[in-house]
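Report on the structure
Here is what each chain is made of, one letter per residue.
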Amino acid sequence: MNSLFSLKGKVAVVTGALGNLGPVWIETLLDAGASVLAIDLPGVSLSGRFEELQALYGEARLKLGRADVRDRRALEDLCADCIESFGVPSILVNNAGIDRPPSDSQTGYRLEEIPFEENRKIFEVNTLGAFLVTQVFGSQMVKSGRGSIINIGSLYASVAPDSRFYNHIDVDPPFLKPPAYGASKAALINLTRYLATLWGAFGVRVNALSPGGVLGNQDEEFKRKFCERVPMGRMATYDDLKGALIFLASDASSYITGTEIVVDGGFTAW
């Protein structure tokens, strides 16, 4: 059974490596035996957790590459570097994305005031960027005849945000979850199904993992409201997400493609 979930000898690529969930996916893959090319924007500072992983595993297992997911040339260069350093990737985690967590320290917009460029940038990164990364790295998987692509979705790909979660935040205009965020993630789920049907015959599986309500630096009132809405009565921890990723990345899910695993404590069951 352990060998079924093992990633020993496999090569993984993770975008959005220095963000909130990036180190979670990277640590999980490394622990299971994979080597990892981590990708994030030029100029983004290393997170403390990423530095710890670098020190623990070294460049023999973990390398950081700098690229915007909208920059095909930079991605192609990183793909060539990955193949030279580790080999052809067989796991891709499309994690890079733009979101706006609830905060009273940021100035937002009313719905009718949201600039077109704000929405376009979210779609460019969350959906089109994931597609571009998949074109570059996924095509190598197709050539090799094997691979698992995991698109990181969201609870809000399936349901709309509940504005009552945020109505205690004292800002003007009132905090508004970006409407393009959920729409871009819903598009990513549909893209997951499209690619799964297109590449299934080539041995490449494409699935989505959609976290919901991951515990972070949210204020206490938000956490209270959110947890009251979750059947399991709590928010997700990082450890809650790891099993689903290993399942989708490994041979344990060898006959699963085109599906979405929602890790939300039952939020969307109501």
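Here, the structure is the one placed above.
Below you will find a few notes about this structure. (Residues numbered from 1 in each chain as written. Predicted model: local features only at pLDDT ≥ 70, side-chain atom pairs only at ≥ 80, totals over all residues. Heavy atoms only, no water.)

Remarks on the sheet that holds strand β3 (residues 62-66)
Taken together, 7 strands build an open sheet; the order of strands is β3-β2-β1-β4-β5-β6-β7 and the sheet is parallel. Where the open sheet ends on each side, the last strands, each with one partner, are β3 and β7 (260-263). When the angles between neighbouring strand axes are averaged without regard to direction, this sheet yields 20 degrees. Inspection of the sheet shows strand β1 (residues 11-15) paired to strand β4 (residues 91-94) by 3 bridges, in the parallel sense. Its bridge partner being in β4, Val13 is matched across the sheet by Leu92. Along the sheet face, helix α5 (residues 116-144) touches β1, β2 (35-40), β4, β5 (147-152) and β6 (204-211) and points at about 175 degrees away from the line of β4. Taken strand by strand, helix α6 (residues 179-199) contacts β5, β6 and β7, and its axis lies near 160 degrees from that of β6. (Pairing = 2+ DSSP bridges. Helix = DSSP H or I, 4+ residues; strand = E, 2+ residues; numbered from the N terminus. Axes fitted to C-alpha atoms, helices over the stretch in contact; angles between N-to-C directions. Contact = heavy atoms within 4.5 Å.)

Quick notes on the side chain of Asp264
Among the structural elements, Asp264 can be located in the segment after β7. Here Asp264 is buried and forms no salt bridge, its nearest opposite-charge partner Arg229 lying at an N-O distance of 7.4 Å. Of the polar contacts made by the side chain of Asp264, one reaches the backbone nitrogen of Gly266; its length is 2.9 Å. In this structure the side chain of Asp264 is engaged in a polar contact, spanning 2.7 Å, whose partner is the side chain of Thr268. (Buried < 20%, exposed > 50% of the residue type's maximum accessible area, 1.4 Å probe, protein only. Lys, Arg positive; Asp, Glu negative; His and termini not counted. Salt bridge = Lys/Arg side-chain N within 4 Å of Asp/Glu carboxyl O. Polar contact = N/O pair within 3.5 Å; in protein donor to acceptor, adjacent residues only side chain to side chain.)

Some thoughts on helix α4 (residues 72-85)
The terminal C-alpha atoms of α4 lie 20 Å apart, and with 14 residues this matches the ideal 20 Å at 1.5 Å per residue to within 8%. The complete set of buried residues in α4 reads Ala74, Leu75, Leu78, Cys79 and Cys82. Along the long axis of α4, the arc covered by the buried residues comes to 140 degrees, so they all point the same way. Away from its buried face by more than 90 degrees, α4 exposes Arg73 and Glu84. Where α4 begins, the side chain of Asp71 points an oxygen toward the backbone nitrogen of Arg73, at a separation of 3.3 Å. (Expected span 1.5 Å × (residues − 1). Arc of directions from axis to C-beta.)

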